[in-house]
Every structure is written in structure tokens, then in C-alpha cells.
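Single-letter residue listing:
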Amino acid sequence: MYAAIGGFFMTVLLHTVANRLAPKVVFPWIGMLQKGKSAGVLWVRLRDLLVVLLRSLMVFFILLYPAKPFLYRGKPPAEIWIKDVPPRIIRKIKDEWGNFARIRFKPSENPKGKVALVGPWETVPNSEYEVWSASSDWEIRDLRVWKDGLELKVYNGGEDKWFKITVEGEGGILLSDSFRVAAGEIGFYSATLPLSGQVTITLNGYRFYDYVLQTSGEGRVFAKGLEREIWEALFKATDVTLTVGVDTVINTSKALIFSRRCSLFERLGLKVRPSTVRFLFSDSGCIFLSGKPVLLDEDSKVVGVLYGDRYYFGFHPTSTGWAFTPRFLQFVSLLSETPAKIYASVGDTLKFPTVVNVEGPVVRCCVSNFVLTRPGIYRIKEGGREKGIIVVNSSLGVKIPDPPFPLWRSLIFIFLIALSLEMLITFWGTRRS
């Protein structure tokens, strides 16, 4: 911005200095014509001033373009921290704010400016921040059900409030109770009771769904470092049964193999080529030219296939950021050898690696993509066998402000208009002379 302003005044200065230093040749006989040409001289001076102004503006616009100016009421956030929100909210923030702020999924000790908090953050940054909160003055921070009871964590952002809770199972109402949460506090509620199958929790008139699986999964991972930590955390948080190898070929049916080394896949008979894989971040990897596609990256390139009886993926989940998105849990759970539970929100789109049938509030046959339009419990079936349970609740009411209005997209057109006017005025003035 400073360079653009400096360039504008420097252009004016150069024209002024050049005009003053230009050699002047005196023609005595011209004095006889000056009295009759006063209007022409005035036009020439106006034309010269207009040309200088247009040229200065062109320099200004050229130097302003890299600054990417925008219009925004107030100070826009430089970083956006996201935690526990539906995939569609993440995508909306990324699409609307990706050019203006850095998106993080874990806190930063030294934020690069103002921070916007999205989701249930209990800690705040040590810099200026704002909260893109839900529309209600309270929200559920955590909800967990299992066969012996439930736990609930509620944040009350308004005044002191009593919360009435009702728990309903497949056989009817199992619990009716109330608890108090003080203003600005987080309240914890737990109850011990036998639960199975579909569970509906009503809290102050709002309904939330969950499901208790009767089976328990197990997982094996062959990896090291952060990759191993991510998969071990997945196995603890879900009931999936998976065998995962990172840069390791596992001769186990339905195993998931991740690698950025294209030569590893070529030795197995797959056709691949090196490319950039992009999810939240971009990283080197491989795209597949053979095999049955099961996963596409953000650029719609095939980065995961079913080949034989194993799944192959040409990237690392952590390096691309895929492991830090809700889509990761949803997709991997669908590959479990035992039925798994998948959480989603109304408005999400689930992409299945195979063609399945969906039964629930909305029934669909033979689909590979399914848009969740109603809350409730959905069952996924493949070939008559239950493959998983989808728990769908209403979307979080996160209020995302309109992004800054970009001005740099218009600068090239303004520059071309100024250039055209400058050429037209110069040409016209030359013709009249």
C-alpha cells in the first residue's frame, strides 16, 4: 500500500521535474499567435494534467495489486481457530475466509493478529479475539452415551439456568431430571442407567440423538511418530476394526495402506504418478490411474483406491491435514470390518467407498453419496449386512460474518480503463496538434 501511494506521487514528481528541466526553444514569431490561441493553450494544459493523473493512477494500481486491498467493517481476524464443528461449517469458512485468514485446528502460542474462535474453545488466545458462536446462549460441549449410562457437558453463556433433561430409549422414557448451570459456567451431568440401541436426549426442548453399539472394535497400526498417535487416538475414540500401515505393505484383507512413495504402489501392480495431494494442506503424494476409486482429494484427484482386497492411499493423513477433519472419521469408520458409529450434522454429505443402502428418517437405495437432510439415526447396509450407524443431529448455529470484499479483482479492469483513456487523450491531442 505504501509503495502504491509512493509510486503515485513519484510519477507526478517525475512528470513535473521532466517538464521543468526540458530545454526551451524561443520562437519570437509565436508571440503574435498567442493572443488568438488562449483556448488551445488551456486545452493543452488540461490534457497534460489529465494524462499525468491517469499515468499516476496506473502506477498506483499496478503497485496496489500485490497488497490485495479489501473492504471490511472493523478489523478482520488474521487467524481462525476451529474445533468440533460440522464439515460443512469448515468448508464454508475455508471457502469464504481462506484468502484472508489462516485456519488452525489447534491453538497457537503466538497468533499473527486477531483470532476468531469457532466451536467450544475453553481457552482464549493471548491476543485480540472474537467468538463466532452459536445463536443460542447455551450449547452442548460434550455428549457421551454407552451401555451403562451417559455424560453431558453444557456451557451456559446466559443467565443462571435450570436445564430439564429427558432420556428416551427404544422402550420409552428412561430418565427425567433437571440440573442447574450458573451463568458463564460449564455444567456436568451424568446418569447411570442401562442403554442400548437408539437414544434420544431432550434438553430444554432441543432433541439430540445418539446410539449405543453392542459390539466393540479393535485396531492395529504399523506406523511411527505423529501418524501412529493419530491412529491410536482414533481406535480409542471409536469402535472400528482396522489394520493400518503407513509406508508399510500389510498382507491382510481390508488393510489400509498409506504412502507417498509411488514406487511402493508400482511394485504392487498399480499405475500411479507423482502429484500434489490437497486436503486442508498440500503435500507431495501419488494419484492413481488404476484400481477402484474410493477417495478424491479437494482437487478431485483419485488419491485412494480399492485394489484386490486392500485399500491404498497415496498420501499421509497428517501431512495433508486429512486426519484433522471430521471427514476423516466418517470415511475411515465406513471401512471398518465391524459396524461403526459415525457422527454427522444436517447438511453434511457422506461419501461411501462402495454402493450401500441407507435406512432411517430418509431411505435411499444403492447410493455412493448421501446428503443428510433430517436428524435421526440412519443404518448403512451393504449386501444385506449392517455396516454402520449414522448419528445425525441438527447443525451447530455458528454465525460466520461476511468475508472482506476483495478490491484487487477490480484493479486490472480499472487499470485497463485508465490506460485506454490515456492512449485516447494522447492520440486525440496529437491529431489536434
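It should be emphasised that the depicted structure is a prediction, and the values quoted were computed from it without experimental measurement. (Residues numbered from 1 in each chain as written. Predicted model: local features only at pLDDT ≥ 70, side-chain atom pairs only at ≥ 80, totals over all residues. Heavy atoms only, no water.)

Draft legend 1. Seen up close, the side chain of Ser108. Within the fold, Ser108 resides in the loop between strand 3 (102-104) and strand 4 (115-118). By relative accessible area, which is 15% here, Ser108 ends up buried. Among the polar contacts listed, one links the side chain of Ser108 to the backbone nitrogen of Asn110, at a separation of 3.4 Å. (Helix = DSSP H or I, 4+ residues; strand = E, 2+ residues; numbered from the N terminus. Buried < 20%, exposed > 50% of the residue type's maximum accessible area, 1.4 Å probe, protein only. Polar contact = N/O pair within 3.5 Å; in protein donor to acceptor, adjacent residues only side chain to side chain.)

Draft legend 2. The nonpolar core, seen in detail. Counting residues in each nonpolar core, the largest one holds 29 residues, and the members touching the most others are Trp231, Leu242, Leu256, Leu295, Phe313, Phe315 and Trp322. Where this core is concerned, the elements lending two or more residues are helix 5 (226-237), strand 14 (242-246), strand 15 (256-258), strand 18 (292-296), strand 19 (302-307), strand 20 (310-313) and helix 7 (326-334). At four residues, helix 5 tops the list of elements feeding residues into this core. With sequence-adjacent residues up to four places away left out, Trp322 is seen in contact with Phe258, Phe279, Leu295, Phe315, Pro317, Phe328, Phe331 and Val332. Core analysis: the second largest hydrophobic core is formed by 28 residues, Val51, Leu64, Ile90 and Ile425 among them. (Core = buried A, V, L, I, M, F, W, Y, C linked by side-chain atoms within 4.5 Å. Contact = heavy atoms within 4.5 Å.)

Draft legend 3. Spatial organisation of the sheet that holds strand 25 (residues 385-393). Across the sheet, which stays open at both edges, the five strands sit in the order 21-25-24-22-23 with mixed pairing between neighbours. The open sheet has two edge strands with one neighbour each: strand 21 (340-345) and strand 23 (364-371). Looking at each pair of strands side by side, their axes are set apart by 45 degrees on average, direction ignored. With seven bridges joining them, strand 24 (residues 376-382) and strand 25 adopt antiparallel strand pairing. Across the sheet, the residue bridging to Lys381 is Glu386, located in strand 25. On the sheet, helix 7 packs against strand 21, strand 22 (349-359), strand 24 and strand 25 and is oriented at approximately 145 degrees with respect to strand 21. (Pairing = 2+ DSSP bridges. Axes fitted to C-alpha atoms, helices over the stretch in contact; angles between N-to-C directions.)

Draft legend 4. Expanded view of unusual backbone geometry. Of note, Asn204 is a non-glycine position whose phi angle comes to about 50 degrees, a positive value. If you trace the backbone, Asn204 turns up in the loop between strand 11 (197-203) and strand 12 (206-212). Positive phi, normally seen in glycine, also occurs at Cys366, with a value near 60 degrees. Here Cys366 is to be found in strand 23.

Draft legend 5. Quick peek at the pattern of salt bridges. If you walk through the whole model with that rule in mind, you get 17 salt bridges. The partner of Glu128 in a salt bridge is Lys75, with the nearest N and O atoms 3.4 Å apart. Here Glu128 is found in the loop between strand 4 and strand 5 (129-132), whereas its partner Lys75 is found in the loop between strand 1 (70-71) and strand 2 (79-82), with 53 residues between them in sequence. For Lys75, a relative accessible area of 47% translates into the label partly exposed. Residues joined by salt bridges that share partners form a network here, namely Arg91, Glu298 and Arg327. (Salt bridge = Lys/Arg side-chain N within 4 Å of Asp/Glu carboxyl O.)

Draft legend 6. Summary view of the sheet that holds strand 6 (residues 138-146). With respect to topology, three strands assemble into an open sheet ordered 6-7-10, the strand pairing being antiparallel. One side of each edge strand has no neighbouring strand; the edge strands of this open sheet are strand 6 and strand 10 (186-192). Neighbour-to-neighbour, the strand axes of the sheet open up by a mean angle of 10 degrees, direction not taken into account. As paired strands, strand 7 (residues 149-156) and strand 10 are joined by seven bridges and run antiparallel to one another. Each residue of the ladder has a partner; that of Leu150, found in strand 10, is Ala191.

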